[in-house]
Amino acid sequence: MAYTIYKCIAEVIKIKKFKIPSIPPTTNKCIRFPNNVIEEVEKAIQGKDCTFTAFVVEAVKIALENLKEEEK
């Protein structure tokens, strides 16, 4: 009986297999930010699992998506 319940739960949950993630290729770019922008970003990410770089990359991706939408 317990085995049957476990089997049913396992089928419902469908445990995912671990895959080693691939890191996309990157290029180092030096960008100058106004000090107040740096302060605002650092305040926004404080206490969160996010780096300055990750924040900026995500913001740029969203900006690019917005520009593509405007072009349509």
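None of the values given here were measured: they were computed from a predicted structure.

Cut-offs and rules
- Residues numbered from 1 in each chain as written.
- Predicted model: local features only at pLDDT ≥ 70, side-chain atom pairs only at ≥ 80, totals over all residues.
- Heavy atoms only, no water.
- Helix = DSSP H or I, 4+ residues; strand = E, 2+ residues; numbered from the N terminus.
- Buried < 20%, exposed > 50% of the residue type's maximum accessible area, 1.4 Å probe, protein only.
- Areas by Shrake-Rupley, 256 points an atom, 1.4 Å probe, with all protein chains shown as cover.
- Contact = heavy atoms within 4.5 Å.
- Patch = residues over 30% accessible without salt bridge, like charges linked within 9 Å, V, L, I, M, F, W, Y side chains within 5 Å.
- Salt bridge = Lys/Arg side-chain N within 4 Å of Asp/Glu carboxyl O.

A. Structural context of the overall build of the protein. When helices and strands are tallied, the protein shows 3 helices and 0 strands. Taken from N to C terminus, the helices and strands of the protein fall in the order α-α-α. Across the 72 residues in the protein, those meeting the buried criterion constitute 4%. Roughly 7700 Å² of accessible area belongs to the protein as shown, and the carbon and sulfur atoms make up 60% of that amount.

B. Inspection of the environment of Ile38 at higher detail. Positionally, Ile38 belongs in helix H2 (residues 35-45). Classification of Ile38 as partly exposed rests on a relative accessible area of 26%. Taking the C-alpha atoms as reference points, Ile38 and Phe52, separated by 14 residues in sequence, lie 8.5 Å from one another. Once residues lying within four places of it in the same chain are set aside, the contact partners of Ile38 are Phe33 and Phe52.

C. How the structure looks around a nonpolar patch on the surface. Together, Val60, Leu64 and Leu67 make up an exposed nonpolar region whose accessible area comes to about 260 Å². Looking at the element boundaries, Leu67 is found in helix H3 (residues 52-71). Assessed through its relative accessible area of 46%, Leu67 is described here as partly exposed.

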